[in-house]
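One-letter residues, chain by chain:
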Amino acid sequence: MSKLDFILEELVTANRILANEGIVDSFGHVSARHPGNPQHFLLSRARAPERIERDDIVEYTLDGTAIDERGRAPYLERFIHGAIYEMRPDVHAVVHNHSPSTIPFGVTGKTLKPLLHMCASIGHEVPVWDSHDKFGDTALLVSDMAMGRDLAHLIGPRPTTLMRGHGATVVGRSVRHAVFVSVYLELGAKLQMQAMAMGDIKFLTPGEVDKVISRTGPYTLNRAWENWCWRAGRPFQAELG
Ligand SMILES: [Zn+2]
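Residues numbered from 1 in each chain as written. Predicted model: local features only at pLDDT ≥ 70, side-chain atom pairs only at ≥ 80, totals over all residues. Heavy atoms only, no water.

## Looking at the nonpolar core
As a rule of thumb, soluble globular proteins bury nonpolar side chains together. As a reminder, the rule being used: For this analysis, a nonpolar core means a set of buried residues of the types Ala, Val, Leu, Ile, Met, Phe, Trp, Tyr and Cys, connected via side-chain atoms within 4.5 Å. Using a 1.4 Å probe on the protein chains alone, a residue whose accessible area is under 20% of its type maximum counts as buried, one over 50% counts as exposed, and one in between counts as partly exposed. Each helix is a run of DSSP H or I of at least 4 residues and each strand a run of E of at least 2, with the numbering of both proceeding from the N terminus. We call two residues in contact when some of their heavy atoms are within 4.5 Å.
Among the nonpolar cores identified, the biggest contains 40 residues, and L11, L112, V175, V179 and W228 are the most heavily contacted of them. Looking at this core, the elements that each hand over two or more residues are α1 (3-20), β1 (29-33), β4 (93-97), β7 (167-172), α6 (175-198) and α8 (218-232). Among all residues touching V175, those that are not within four sequence positions of it are E10, L11, A14, A32, A93 and W225. Ranked by size, the runner-up nonpolar core spans 23 residues in total, among them I52, A83, V91 and I155.

Next comes the structure, spelled out in structure tokens:
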């Protein structure tokens, strides 16, 4: 199997997993940097993640121009992906979602931070990008490269950001990594709301977060991925050597 075949299958699986785990609904998307050309990325045509097939996946340049569109309408918010790949050479996958439990943290000024070891991968704390700061009244969607770059700038070296009144964006070193962080971002947000209702929270310390992140390698990612593949009815493909 070629690297491109592997990534195309991986993206179909990622879409199905994110839908099945409740991280995306009819909206939200996941992309991968093109394995043969770091200046391009792969992202489905505009379609609900649960419905996506391999032939829906389109190749784009980093400014969001389709290479071979063949009538496949693009997601308006593809600029999120291109702008992050442009700024972050270490990033090989991006998930954008409207993950429900994260939304309250984007609008209340309460900071989302890891309180569970499995959630350390969300980073020490999750910043909030507010499109209104620079772009004023918009439909809140990231609809051009200027907005995408502003979002990418706020993420900086981090793995995650919230987007006020809209959702979240997660980056990863692989598709499996970005999906893993996305699932635990939603869980962490849900648990933090529950814990806030009970009282003061003792979050993971910065040192604990760093230690957990350093242990989160292929063993952990593949264990979760294999299970999520099964739950989503998709084959588990061995990683290419
Ligand atoms: Zn969105």
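Following the structure, the description resumes.
## Comments concerning the packing of aromatic side chains
Stated formally: In summary, the pairing rule links any two rings of Phe, Tyr or Trp, Trp by its six-membered ring, whose centres are within 6.5 Å, and it sorts them by plane angle into stacked for under 30 degrees, edge-to-face for over 60 and tilted for everything else. Whether a charge sits over a ring comes down to the Lys NZ or Arg CZ being within 6 Å of the ring centre and within 35 degrees of the ring normal.
Evaluation of the coordinates by the stated rule reveals five aromatic pairs. Their ring planes at 25 degrees and their centres at 5.5 Å tell us that F41 and Y60 sit as a pair that is stacked. With F41 in strand β2 (residues 40-44) and Y60 in strand β3 (residues 57-61), the pair connects residues that are 19 residues apart, well separated along the chain. Taking relative accessible area as the criterion, Y60 reaches 0% and is therefore assigned buried. Judged by centre distance (6.4 Å) and plane angle (45 degrees), the rings of Y184 and W228 are tilted. Of the two residues, Y184 is situated in helix α6 and W228 in helix α8; the sequence distance between them amounts to 44 residues. Each member of the pair Y184 and W228 is classed as buried. Taken together, the ring pairs connect F41, Y60 and Y85 into an aromatic cluster. Here K113 stacks its cationic end above the ring of F203, 4.5 Å away from the centre of that ring.

## Re unusual backbone geometry
Note on backbone geometry: most residues besides glycine have negative phi, and most peptide bonds are trans. Not every positive phi belongs to a glycine, and R70 is a case in point at roughly 45 degrees. One non-glycine residue with positive phi stands out, namely L140, at about 75 degrees. Along the chain, L140 turns up in the loop between α4 (131-135) and α5 (145-155).

## A few points about α1
Just so we agree on the cut-off: To estimate how far a helix should extend, the number of its residues minus one is multiplied by 1.5 Å.
Look at α1: 25 Å from first C-alpha to last across 18 residues, which is about the 26 Å you get at 1.5 Å a residue. Counting buried positions over the 18 residues of α1 gives 13, a clear majority of the element. Of the residues flanking the end of α1, it is G22, one or two places downstream, whose phi is positive at about 80 degrees.

## Regarding the sheet that holds β2
Hydrogen bonds along the backbone pair up the strands of a sheet, which may run parallel or antiparallel. Quick note on the threshold: Here a strand pair is declared whenever DSSP counts at least two bridges between the two strands. For helices, the axis comes from a line fit to the C-alpha atoms of the stretch in contact; other axes are also lines fit to C-alpha atoms, and the angle between any two N-to-C directions lies between 0 and 180 degrees.
The strand order across the open sheet formed by seven strands is β3-β2-β1-β4-β7-β6-β5, and the pairing between neighbours is mixed. The sheet terminates laterally at β3 and β5 (128-129), the two strands that pair on one side only. Inspection of the sheet shows β2 paired to β3 by five bridges, in the antiparallel sense. Its bridge partner being in β3, L43 is matched across the sheet by V58. Sheet strands in contact with α1 are β1, β2, β3 and β4, and its direction is about 160 degrees off that of β1. Each of β1, β4, β6 (160-163) and β7 touches α6; the most contacted strand, β7, lies at about 145 degrees to it.

## Comments concerning the coordination of the zinc ion
Let me state the cut-off plainly: Counted as coordinating are nitrogen, oxygen and sulfur atoms within 2.8 Å of the metal, or 3.2 Å for Na, K and Ca, while water is not included, which may make sites look incomplete. Irregular is the label for any site that misses the other tests, which are tetrahedral for four donors with all angles between 85 and 135 degrees, and square planar for four donors or octahedral for six when opposite donors exceed 155 degrees and the remaining angles lie between 65 and 115.
Looking at the metal site, the zinc ion is ligated by E77 (OE), H96 (NE2), H98 (NE2) and H166 (NE2), spaced 2.0 to 2.2 Å from it. Classification of the site at the zinc ion rests on its four donor atoms, whose angles at the metal span 95 to 145 degrees, yielding the label irregular. Sequence positions of the residues that donate to the zinc ion give the spacing E-x18-H-x1-H-x67-H. Remark: H166 occurs in the loop between β6 and β7 and E77 occurs in the loop between β3 and α2 (78-87); sequence separation between them is 89 residues. What makes E77 buried here is its relative accessible area of 6%. By relative accessible area, H166 is classed as buried at 9%.

## Some points on the packing of α1 against α8
Test applied: An angle below 35 degrees is treated as roughly parallel, one above 145 as roughly antiparallel, one from 65 to 115 as roughly perpendicular, and anything else as oblique. Polar here means any residue outside two lists: the nonpolar Ala, Val, Leu, Ile, Met, Phe, Trp, Tyr, Cys and Pro, and the charged Asp, Glu, Lys and Arg; Gly therefore counts as polar.
Put simply, α1 and α8 touch, their axes get as near as 9 Å, and they point 75 degrees apart. By the angle between their axes, α1 is roughly perpendicular relative to α8. Residues E10, T13, A14, R16, I17 and N20 of α1 pack against W225, W228, C229, R231 and A232 of α8. Taken together, the residues that form the contact of α1 with α8 break down as six nonpolar, two polar and three charged.

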